[in-house]
Amino acid sequence: MAQLLTGKEVVAAMAEDMKARIERLAQQGVTPMLAIVRVGERPDDLSYERTAVKRAASLGIEVKKCVLDSLAPEVALSVSLQSINYDTAVHGCLMFRPLPTYMDEKAMCNELAAAKDVDGISMTSLASVFADGHEGFPPCTAEACVTMLDHYGIPITGKHVVVVGRSLVIGKPVAMMLLRRNASVTICHSRTENLEEITKSADIVICATGRPRAFGARYFSPGQTVLDVGINFDAHGSLCGDVDFDEVEPVVGAITPVPGGIGSVTTSTTMEHTVRAAELTLA
Ligand code: NDP
């Protein structure tokens, strides 16, 4: 039976650390505040917003919601982002994506000041991840993967990590972050040949493809650590990851469940970045 790498334990440890830091900020008259920017009423966004609001409240982080109509002009979003940039009470900003197709998403992401870009959506933040810089923040899900490995004491240095997926949200940044931590990283994608052979050869496999239960036992080997980033719905409407958990769990050494794995750590990472952004205003 594989070791279950649950998010709950990591979330609890992060909360303990954050509460002490938020207390210290309060002593200096600062309450961390996260702005949540949402365009429209997409069910996924609403669901994540509820989770984020609840998590923030449990920690003592304030939330400022900025909601725009689904047909709002791009300039309205731009104005909202600029007002967040200039609002000294706001320390971090989480903007739900995808934005409506008529908006220039890349341009909108780049409007956000790096210091408040707690989800790593601007080019400045991403450039820091790729160039070992210190501006902005890494994308939360990518950092959540690293935090998960660290929390459970899974060695990274010198290990072969295979990342399946090459998006700028997860695949590419997590590969760079693990490279910085001295892993040997292979990035795979939909055109990769012999994927099974490559994933089987890894010490750690990170699946971030958005393909429900696409990765069964034949992709894995004994002793591996598997991080399942996927948040998908199967044909029956059940929430599932990219990995076929029932098939893979008996094979590998350690695995994250879905739900209850990387997703919950991602939310805490957004909060941790907001606390850090608040601390940096005092530095
Ligand atoms: P994207 O669709 O942007 O990227 C998917 C990547 O997977 C692409 O690089 C694609 O390759 C690759 N891919 C697709 N199918 C295969 C396949 N059969 N074999 C190998 N590679 C494949 O998705 P995201 O990166 O945005 O999200 C990935 C998953 O993570 C989704 O399930 C999403 O819901 C979830 N997610 C989870 C979060 C969390 O907090 N846990 C946060 C954000 C997302 P190619 O480039 O060649 O097309």
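The rules behind each value
Residues numbered from 1 in each chain as written. Predicted model: local features only at pLDDT ≥ 70, side-chain atom pairs only at ≥ 80, totals over all residues. Heavy atoms only, no water. Helix = DSSP H or I, 4+ residues; strand = E, 2+ residues; numbered from the N terminus. Rg over C-alpha atoms; globule rule 2.2 N^0.38 Å. Buried < 20%, exposed > 50% of the residue type's maximum accessible area, 1.4 Å probe, protein only. Contact = heavy atoms within 4.5 Å. Areas by Shrake-Rupley, 256 points an atom, 1.4 Å probe, with all protein chains shown as cover. Lys, Arg positive; Asp, Glu negative; His and termini not counted. Charge placed at Lys NZ, Arg CZ, Asp CG, Glu CD. Near = heavy atom within 4 Å. Polar contact = N/O pair within 3.5 Å; in protein donor to acceptor, adjacent residues only side chain to side chain. Nonpolar A, V, L, I, M, F, W, Y, C, P; charged D, E, K, R; others polar. UniProt positions renumbered as here; feature names shortened; annotations may be inferred. 1 Å grid on protein atoms, 1.4 Å probe; cavity = no way out; pocket = protein on both sides within 12 Å on 5 of 7 lines; lining within 4 Å. Points joined across faces, edges and corners; volume = space filled by probe spheres on them. Core = buried A, V, L, I, M, F, W, Y, C linked by side-chain atoms within 4.5 Å. Pairing = 2+ DSSP bridges.

## Structural notes on the overall build of the protein
Scanning the protein from terminus to terminus reveals ten helices and eleven strands. Against the compact-globule benchmark of 19 Å for 283 residues, the protein has a radius of gyration of 19 Å, which places it among compact chains. In terms of principal-axis extent, the alpha carbons of the protein reach across some 50 × 45 × 35 Å. Counting every position in the protein, which comprises 283 residues, the buried fraction comes to 50%. Across the protein, the fraction of contacts at a sequence separation of at least 24, relative to all contacts at a separation of at least 6, is 71%. Split by element, the accessible area of the protein, about 13,000 Å² in all, is 53% carbon and sulfur. The average position of the 25 basic charges and that of the 34 acidic charges among the side chains of the protein differ by 0 Å.

## What to know about the site of the ligand
Around the ligand there are 20 residues in total, and Arg166, Ser167, Ser190, Asn232 and Thr266 lie nearest to it. Between the ligand and the protein, one listed contact pairs an oxygen atom with a side-chain N or O atom of Thr141 at 3.4 Å. Residue composition of the shell around the ligand, by class: seven nonpolar, eleven polar and two charged.

## Brief notes about the UniProt feature "binding site: NADP(+)" (unreviewed entry) in the protein
Under the UniProt annotation, the feature "binding site: NADP(+)" (unreviewed entry) is placed at Gly165, Arg166, Ser167 and Ile231. Of the annotated set, the members that line the largest pocket are Ser167 and Ile231. In this structure, Arg166 sits in the loop between strand S5 (160-164) and helix H7 (171-180). Note on Arg166: relative accessible area 43%, which makes it partly exposed.

## Some thoughts on the layout of surface pockets
Left-over empty space is what a probe sized like a water molecule reveals as it rolls over the atoms. Here the largest pocket defines a volume of roughly 1,500 Å³. Around the largest pocket sit 50 residues that line it, and Tyr48, Thr141, Val169, Ile231 and Thr266 are the ones nearest its centre. In terms of residue class, the lining of the largest pocket is built from 23 nonpolar, 17 polar and ten charged. By volume, the second largest pocket is sized at about 530 Å³. Together, 26 residues line the second largest pocket, and Gly136, Phe137, Pro138, Glu143 and Arg276 are the ones closest to its centre. Secondary structure elements with two or more residues in the lining of the second largest pocket: helix H5 (123-131), helix H6 (140-151), H7 and helix H10 (262-282). Counted by class, the lining of the second largest pocket contains ten nonpolar, nine polar and seven charged residues.

## Things to note about H7
For H7, the complete set of buried residues consists of Gly171, Pro173, Val174, Ala175, Met177 and Leu178. Tucked inside the fold, the buried residues of H7 contact H5, H6, S5, strand S6 (184-188) and strand S7 (204-207). Asn182 sits one or two positions beyond H7 and adopts a positive phi of about 70°.

## Concerning the UniProt feature "domain: Tetrahydrofolate dehydrogenase/cyclohydrolase catalytic" (unreviewed entry) in the protein
Per the UniProt record, the feature "domain: Tetrahydrofolate dehydrogenase/cyclohydrolase catalytic" (unreviewed entry) sits at residues 5-119. Helix and strand shares over residues 5-119 are 50% and 16% respectively, and the end C-alpha atoms of the span are 23 Å apart.

## Re the nonpolar core
Within the largest apolar cluster, 48 residues are counted, with the highest numbers of intra-cluster contacts made by Ile61, Met148, Val174, Leu178, Ile206, Leu227 and Met271. Breaking this core down by element, the ones donating at least two residues are helix H1 (7-27), strand S2 (33-39), helix H2 (43-59), H6, S5, H7, S7 and H10. Listed in part, the 19 residues of the second largest apolar core include Met33, Val39, Cys93 and Leu112.

## Concerning the pairing of S7
A regular strand places its side chains so that they alternate between the two faces of the sheet. Side-chain alternation along S7 places Ile204 and Ile206 on one buried face and Val205 and Cys207 on a second face that is also buried. Bridge count between S5 and S7: four bridges; the pairing is parallel. Bridge assignment links Val162 to a residue of S7, and that residue is Val205. Strand direction decides the pairing type here: S7 and strand S8 (residues 225-228), joined by four bridges, are parallel. Residue pairing across strands places Val205 opposite Val226, the latter belonging to S8.

## Section: the environment of Ser238
One can find Ser238 in the loop between strand S9 (232-233) and strand S10 (239-240). Excluding its chain neighbours within four sequence positions, the residues that come into contact with Ser238 are Asn232 and Phe233.

## Describing unusual backbone geometry
The step from Arg97 to Pro98 runs through a cis peptide bond, and the omega angle for that step is 5°. Relative to the helices and strands, Pro98 resides in the loop between strand S4 (92-95) and helix H4 (105-111). Residue Pro259 follows Val258 across a cis peptide bond; omega there is 0°. Within the secondary structure, Pro259 is located in the loop between strand S11 (254-255) and H10. Positive phi values are uncommon outside glycine, yet Asp132 reaches one of about 55°. Inspection of the secondary structure assignment puts Asp132 in the loop between H5 and H6. A relative accessible area of 45% means that Asp132 is categorised as partly exposed. Here the phi dihedral of Asn194 falls at roughly 55°; this positive angle occurs in a residue that is not glycine. Considering the arrangement of structural elements, one finds Asn194 in the loop between S6 and helix H8 (195-200). For Asn194, a relative accessible area of 58% corresponds to the exposed category.

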